[in-house]
Amino acid sequence: MTILRRGNVGADVRELQRLLRTRGAQIELTAEFDDATLAAVVAAQTHYGLVVDGKAGSKTLLALQLDGRQPGQLGADDLRRAAAQLEVPLASIRAVNEVESTGPGFLPDGRPVILFERHIMYRQVRALGLDADALARQYPNIVNPKRGGYMGKAAEHMRLARASDIDHACALASASWGLFQIMGYHWERLGYASAEAFADAMRQGEAQQLDAFVRFVLADTALHKALKARRWATFAAGYNGPAYKDNLYDVRLARAYARYEALEREPA
């Protein structure tokens, strides 16, 4: 869905303002996401224990509609805990959550967001001693030396299920999971008992998905140092790979950090 933010105008903003008014906000139905609407969104996110970013996405709108944060959703306390574990400012975690996360960590049907990587499945089954090339000829969209074949959203779980028919553990290891799209094959390095245990944790909630991100950073000394020093280009290169510049990850992280750091310095 569209994420509403400061500067937006239109019917969707008017509906947001209407929802905010039903929860006590003293704002006008201007259909413009102005300063008053921003303040009301921040107040609502704080009240519901959501991640406070001043943007109205699906989680904020659902909380306003149902008058409460839903079980399993990432909250402000989760971000504070992650910041403490990584020994970085809260603004750093808020920036990473904004730029690097995929949005909701779960599909509307309750399953975690995943992206199945057929080239990783090729590598996993080959390491297991199976004939990866024969499997690639038979199931090219599931096992393939080249990346691709993405179908998105719920259809990725269909690909995962087909891969599980070949080998369940290899399939789980060949998908990226949750908010921060951590690859399953990292399970051992991140301290999980198995690929199955990692996948089970990713199914429990967005807090567990954030924990996987924290483990991922702690397991990589260079990545952790870059995050602590706010060397955003180094962090983005380590986390996103050499193509990070194509999406301006470092620039977006730096801007988000500066914005959140300024907000945290503002008097309450």
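If you're wondering where the values come from, they're calculated on a predicted model, not measured in any experiment.

A few words now on the overall build of the protein chain. Counting secondary structure elements, the protein chain contains 14 helices and three strands. Here the protein chain has a C-alpha radius of gyration of 20 Å; the compact-globule value for 268 residues is 18 Å, and the two agree. Looking at the protein chain as a whole, 46% of its 268 residues are labelled buried. Contacts spanning at least 24 positions in sequence make up 56% of the contacts within the protein chain whose residues lie at least 6 apart.

Positionally, Val125 belongs in helix H6 (residues 118–128). With a relative accessible area of 0%, Val125 lands in the buried category. The sequence separation of Val125 and Leu135 amounts to 10 residues, and the corresponding C-alpha distance is 9.0 Å.

On to the pattern of salt bridges. Applying the stated criterion across every chain yields a total of 13 salt bridges. Between Arg18 and Glu15 there is a salt bridge whose closest N-O contact spans 2.7 Å. A residue pair is termed a helical-turn pair when its members lie 3 or 4 positions apart in one helix, as Arg18 and Glu15 do in helix H1 (residues 11–22) at three residues. Residue class for Arg18 comes out partly exposed when judged on its relative accessible area of 38%. A single salt-bridge network, built from bridges that share partners, covers Lys55, Glu98 and Arg259.

Here we take up the environment of Ser176. Within the secondary structure layout, Ser176 lies in strand E2 (residues 175–177). We classify Ser176 as buried; its relative accessible area is 5%. With residues up to four places along the chain from it excluded, the contact list for Ser176 reads Val113, Ile114, Leu115, Gln181, Ile182 and Met183. Only 2.6 Å separates the side chain of Ser176 from the side chain of Gln181, close enough to count as a polar contact.

Let us look at the packing of aromatic side chains. Per the counting criterion, the structure on display carries eight aromatic pairs. Judged by centre distance (6.5 Å) and plane angle (90°), the ring pair of Trp177 and Phe198 falls under edge-to-face. Of this pair, Trp177 sits in strand E2 while Phe198 sits in helix H10 (residues 195–204); the two residues are 21 residues apart in sequence, bridging distant segments of the chain. Relative to Phe198, the ring of Tyr192 has its centre 5.2 Å away and its plane inclined at 80°; by these criteria the two rings are edge-to-face.

A few words now on the sheet that holds strand E3 (residues 182–183). Read across the sheet, three strands follow the order E1-E2-E3 without closing on themselves; strand pairing throughout is antiparallel. Sheet topology places strand E1 (114–116) and E3 at the edges, where each strand pairs with a single neighbour. Running at roughly 40° to E2, H10 makes contact with E2 and E3 of the sheet.

Of all the positions in H10, only Ala195, Phe198, Ala199, Ala201 and Met202 are classed as buried. Taken around the axis of H10, the buried residues stretch over an arc of 155°, which confines them to a single face. Buried residues along H10 sit in contact with helix H9 (168–173), E2, E3 and helix H11 (206–218).

The rules behind each value
- Residues numbered from 1 in each chain as written.
- Predicted model: local features only at pLDDT ≥ 70, side-chain atom pairs only at ≥ 80, totals over all residues.
- Heavy atoms only, no water.
- Helix = DSSP H or I, 4+ residues; strand = E, 2+ residues; numbered from the N terminus.
- Rg over C-alpha atoms; globule rule 2.2 N^0.38 Å.
- Buried < 20%, exposed > 50% of the residue type's maximum accessible area, 1.4 Å probe, protein only.
- Contact = heavy atoms within 4.5 Å.
- Salt bridge = Lys/Arg side-chain N within 4 Å of Asp/Glu carboxyl O.
- Polar contact = N/O pair within 3.5 Å; in protein donor to acceptor, adjacent residues only side chain to side chain.
- Phe/Tyr/Trp six-rings, centres within 6.5 Å; stacked < 30°, edge-to-face > 60°.
- Pairing = 2+ DSSP bridges.
- Axes fitted to C-alpha atoms, helices over the stretch in contact; angles between N-to-C directions.
- Arc of directions from axis to C-beta.

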